[in-house]
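# Summary of structural features
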Amino acid sequence: MKKIALCIPTYNEADNIAYITSAADNALKKYKNKYDCVIINCDNNSIDNTNKIFEQFNTRIKKISIISLKKGKGNNILNFLKYCKENNVDYAITIDADLKSFETSWLDKMIFALENNCDFVIPNYYRPVYEGNTTNHFIVPILYNLYGLFIRQPIGGDYAFNRKYINLILQKNFTKNILDYGIDIFMVIIAITNGLNICQIDYGTKVHSDSYKKIKKIFRSVVYGLCEVYKQCPPLDLEKKLNYNIKLHKDGKFKYREYFEEDYEKLLNKYNLNHDCYEKIKKKWIYFLTEYIKRIPNLDENFMNTFEEYFLLRSVSFWDKYDNDNMWENEIINLASEVEKEWN
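Note that this is a predicted model, so its numbers are computed, not measured.

Conventions and cut-offs
Residues numbered from 1 in each chain as written. Predicted model: local features only at pLDDT ≥ 70, side-chain atom pairs only at ≥ 80, totals over all residues. Heavy atoms only, no water. 1 Å grid on protein atoms, 1.4 Å probe; cavity = no way out; pocket = protein on both sides within 12 Å on 5 of 7 lines; lining within 4 Å. Points joined across faces, edges and corners; volume = space filled by probe spheres on them. Helix = DSSP H or I, 4+ residues; strand = E, 2+ residues; numbered from the N terminus. Nonpolar A, V, L, I, M, F, W, Y, C, P; charged D, E, K, R; others polar. Buried < 20%, exposed > 50% of the residue type's maximum accessible area, 1.4 Å probe, protein only. Phe/Tyr/Trp six-rings, centres within 6.5 Å; stacked < 30°, edge-to-face > 60°. Lys NZ or Arg CZ within 6 Å of the ring centre and 35° of its normal. Pairing = 2+ DSSP bridges. Right-handed = clockwise from strand over helix to strand, strands pointing away. Core = buried A, V, L, I, M, F, W, Y, C linked by side-chain atoms within 4.5 Å. Contact = heavy atoms within 4.5 Å. Axes fitted to C-alpha atoms, helices over the stretch in contact; angles between N-to-C directions.

### So, the layout of surface pockets
Summary: where empty space remains is shown by rolling a probe the size of a single water molecule over the atoms. By volume, the largest pocket amounts to about 1200 Å³. Along the wall of the largest pocket there are 45 residues; nearest its centre are Asp-98, Tyr-181, Ser-211, Lys-214 and Ile-218. At the level of secondary structure, the elements contributing two or more residues to the lining of the largest pocket comprise strand S1 (3-10), helix H3 (73-86), helix H5 (133-147), helix H7 (183-193) and helix H8 (215-232). If one sorts the elements of the lining of the largest pocket by residue count, H8 sits on top with four residues. Of the residues contributing to the lining of the largest pocket, the split by class is 18 nonpolar, 13 polar and 14 charged.

### As for the environment of Phe-174
Within the secondary structure layout, Phe-174 lies in the loop between helix H6 (163-169) and H7. Under the relative-accessibility criterion, Phe-174 is labelled buried at 12%. When the C-alpha atoms of Phe-174 and Phe-186 are compared, they prove to be 8.9 Å apart, with twelve residues separating the residues in sequence.

### Section: the packing of aromatic side chains
Under the definition given, this model contains 35 aromatic pairs. A ring pair is formed by Phe-138 and Phe-219, whose centres lie 5.7 Å apart and whose planes are at 80 degrees; its orientation type is edge-to-face. Of the two residues, Phe-138 sits in helix H5 while Phe-219 sits in helix H8, which places them 81 residues apart along the sequence. Since its relative accessible area comes to 0%, Phe-219 is described here as buried. Ring centres 5.1 Å apart and planes at 35 degrees place the aromatic pair Phe-288 and Tyr-310 in the tilted group. Pair noted here: Phe-288 is in helix H10 (residues 278-295) and Tyr-310 is in helix H11 (residues 301-321), with a separation of 22 residues, a long-range link. Like Phe-288, the residue Tyr-310 is buried in the burial classification. An aromatic cluster of three or more residues is present, and its members are Phe-138, Phe-219, Tyr-271, Trp-285, Tyr-287, Phe-288, Tyr-292, Phe-303, Phe-307, Tyr-310 and Phe-311. A cation over a ring is seen here: Lys-63 above Phe-54, with NZ or CZ 5.6 Å from the ring centre.

### Points about the pairing of strand S3 (residues 62-67)
Where strand S2 (residues 36-43) and S3 come together, six bridges link them in parallel fashion. The residue of S3 that forms the bridge with Ile-40 is Ile-64. Traced from S2 through helix H2 (residues 50-56) to S3, the parallel crossover comes out right-handed.

### Overview of the nonpolar core
With 80 residues, the main nonpolar core has Phe-138, Phe-161, Leu-226, Tyr-292 and Phe-307 as its most contacted residues. Among residues more than four places away in sequence, those in contact with Phe-138 are Asn-133, Phe-219, Val-222, Val-223, Leu-226, Leu-289, Tyr-292 and Phe-307. Of all hydrophobic cores here, the second largest spans 34 residues; its members include Leu-28, Ile-93, Ile-95 and Tyr-125.

### A look at the sheet that holds S3
The seven strands are arranged S3-S2-S1-S4-S6-S5-S7 in an open sheet whose pairing can be described as mixed. Single-partner strands in this sheet number two, and they are S3 and strand S7 (198-205). Going across the sheet, the axis of each strand differs from the next one's by a mean of 20 degrees, ignoring polarity. Relative to strand S4 (residues 91-94), S1 runs parallel, the two sharing four bridges. Counted as the bridge partner of Cys-7 is Thr-94 from S4. Lying over the sheet, helix H4 (residues 104-115) contacts S1, S4, strand S5 (120-126), strand S6 (159-162) and S7, oriented at roughly 165 degrees with respect to S7.

Set out below in structure tokens:
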């Protein structure tokens, strides 16, 4: 009997661990007669009893806990990969612990893809304009320009992959930022540079816990993480393919917009910008993205500090411009192509 392992990586997710464990259990129950299934909570030694809640929650599918004293999502994923390798897992799945919209159909699509020769499954879902800022403004255009693929949600976190992929990734070096928020882009680029069969699958809407307070931390870790990935997995000479079916959605104003107002005002003043400055910030952001590509082998801290400040300027000005515009995803595609023109 083939084995399926589903990982829920956590740190202080006591408020949501019962929901996501129940959702995973419900999704896997239909497969328990065909596969040997297990749900694994890989936890960074949470201080809010996340793991205790997981262990005490009743499920029909077998559960296992793996607790690490080392912090970082990447550490949890590494422990999961090691478990999969040691236990000859055929199909592995990772589901973000803060998800509030996981549906059985997600897992059905993942398993169907794996059963039909897909090596690595990447999610694609609708997210509001104010979410996925590191994805929208950094990873999507950089991944396209360095590695030739336009992947709309490359660091979505909800992946599925097979034993072939597990063996490949465990041969790589899990460096400092890869062991933190850089893990997702590391996983995707491993699949790209090894020529694996990658599938992007639509899941509908993604709803998860608010992470706006970590926006700068996530950005910094992913930026440096990609530098670390680049050194291990240099780009291939792939023909760029910029094709994506636009999803139309009207989101409304970001309810946490006021949280960023003070920092945004300070940066506008610092760089002599006014509130009607979207195009100026966009032009400068394209410059920073192309500079990042040039500097990626040896990114220095001074550049990073300015890059981070313009990331906040880009994100907030983007929210303000597209808060009631259902065509904002056009701008994500345009950004990828404009960086390509500037770089070349």
